[in-house]
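One-letter residues, chain by chain:
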Amino acid sequence: MTYPQKTTLMALIVMPAIVGIGGVVGIFSMGIGILVSFAVAAFVWARYIKRQAKRDTLPQNMAQVLLPVFISYGYYMLVWVVLFGFAGYSYDVMTNQLFGVLLVMTLPYFGASVVFAFFGFWWMFPIMYSITMLVMLVPSLVICRGMKPILSKRVLMFGGVAVVIVGVAAFQFYARGLRFVGRQGSDVQVVQESINLRRYAPFAEGNYLVEMPWEPTIIFTENFPRLDGATAAYPVFAAVAQALFAGLDERTVRQYVSVSQTDAAYRRLINGEIDIFFGAQPSPQQVAAARARGVEFSMTPIAREAFVFFVHRDNPVDSLTISQIQRIYQRRLTNWRRVGGRNERILPFQRPQDSGSQTVMEAVVMGGLPMAQPLQHEWVGGMGEAVARVAVYRNYSSAIGYSFRYFVTGMRPHDDIKILAVDGIAPTPENIRNGTYPFTVNVYAVTAGTTNENAHKLIDWLLSPQGQNFIELCGVVSVEQASYTLE
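Residues numbered from 1 in each chain as written. Predicted model: local features only at pLDDT ≥ 70, side-chain atom pairs only at ≥ 80, totals over all residues. Heavy atoms only, no water.

Caption draft 1: Region of the structure containing the pattern of salt bridges. Within this structure, the stated rule accounts for 11 salt bridges. For E305, the salt bridge is made with R405, and the minimal N-O distance between the two is 3.9 Å. Here E305 is found in strand β3 (residues 298–312), whereas its partner R405 is found in helix α14 (residues 405–411), with 100 residues between them in sequence. The burial state of E305 is the same as that of R405; both residues are buried. Among the ionic contacts, a cluster of salt bridges with common partners joins R198, E250 and R254. (Salt bridge = Lys/Arg side-chain N within 4 Å of Asp/Glu carboxyl O. Helix = DSSP H or I, 4+ residues; strand = E, 2+ residues; numbered from the N terminus. Buried < 20%, exposed > 50% of the residue type's maximum accessible area, 1.4 Å probe, protein only.)

Next up, the structure:
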């Protein structure tokens, strides 16, 4: 076996195996052992190069000495770049679909690959390949001192390819950083809400709240009910507080009106920190938490809403069936072409567990059917973020998201999204009112044993003709068509 053949095999098999063992050792020794193993790998390669020099088999051309290093590095990095690209930069896809291929094609790194994948350290793979190159490159350069730096076309080609692949890998991680916002090794992560809720703060100058155009039939001047709830319901109950809570201003109203979002607001209700929650029905976990505290929810429907699905405006699909939506979120239907769209992968965004929209999604839309675990880029913490991503988020024109109609059309309108019909029925106010839209849901005023009598008076007013008409003015459909009219 000639020197180039022997050295290339060593660079492709022996050195990656040593560095791979070092990666395993490093994980289980808090990083200390990895430095030792890398030093051992560098020592082994240096001894090998020196031995070849003593035997006079080492080429006197520096380029030929370095060629096996570039070949080895280029191969492993190319495997990573190709597979990571096919995965769409998703760690979950790498784990569930491509890990076996990666193991076979990078067999000398077997142990480290299994350990890194198990702990979710996918970012370590190209680093490990790069370290392998460095532990070979540095001793090679030391040995090559004094040699003529003659560069052959082959060396230039392999070196150039290695540089290009490194650039591609760097771009992939940059693109992943734009597309995903995840914890280390995980494709699930919260994204912060993107709505400026101060626009809906009661008594704030220039807020977006609807003003009551007539004299209210009830006014609270003391013992104000403490209100909290879901983001989508905030413009309604904040407008109610602004209309009915007399003697307060933007600062003093904060102790009575807040928007903690669904899960946190339900916890506050259970703990007795608020009197009324406004929003969607509680999740089974929230009901269980209440019962564990000896609390029972009293739920009063005060309005009707549509739970809607939205896509990018350029998506040719205008309607989905209930079955198609369920199959999309079970990841049984994965391409828009199967429902009349383009040949594009469907990216179905989900919301966090116990959020109002996720609770409705699971209970009303899925009807108890299990939803597939979302990938990181398919999971957003705020409804506003879901709208923004479906609308404009880089190459997510094939995405689908869900929320409440008022939020999408009133609080977070966007010209680049469109709301889908379900079973051919659009979520118009008329179809919500008559119940023909399949995912028509209630907006609740929920109490949990409050002793504040004004809380019950407020709920009674919300159900009155004046209260129902004001709800309509706020952009939400009343429980029944309001009979109180403006003259």
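Okay, back to it.
Caption draft 2: Structural context of the packing of helix α16 (residues 453–463) against helix α17 (residues 465–473). The interhelical angle for the contact between α16 and α17, taken along N-to-C directions, is 70 degrees, at an axis separation of 4 Å. Comparing their axes, α17 and α16 come out roughly perpendicular. On α17, the residues touching W461, L462 and L463 of α16 are P465, Q466, G467, Q468, F470 and I471. The residue makeup of the contact of α16 with α17, split by class, is 6 nonpolar, 3 polar and no charged. (Axes fitted to C-alpha atoms, helices over the stretch in contact; angles between N-to-C directions. Parallel < 35°, antiparallel > 145°, perpendicular 65-115°, else oblique. Contact = heavy atoms within 4.5 Å. Nonpolar A, V, L, I, M, F, W, Y, C, P; charged D, E, K, R; others polar.)

Caption draft 3: Summary view of the pairing of strand β2 (residues 276–279). Along β2, one buried face is formed by I276 and F278 and the opposite face, lined by F277 and G279, is buried too. Summarising the sheet, strand β1 (residues 227–229) and β2 pair through 3 bridges and their orientation is parallel. The residue of β2 that forms the bridge with G229 is F278. (Pairing = 2+ DSSP bridges.)

Caption draft 4: Region of interest: the packing of aromatic side chains. For the structure on display, the rule yields 31 aromatic pairs. Pairing F116 with F125 gives two aromatic rings, centres 5.9 Å apart and planes at 80 degrees, and the pair type is edge-to-face. A residue is classified by how much of its surface remains accessible, and F125, at 0% relative accessible area, is buried. Members of the aromatic cluster, each reached through a chain of ring pairs, are W80, F84, F99, F116, W122, F125 and F173. (Phe/Tyr/Trp six-rings, centres within 6.5 Å; stacked < 30°, edge-to-face > 60°.)

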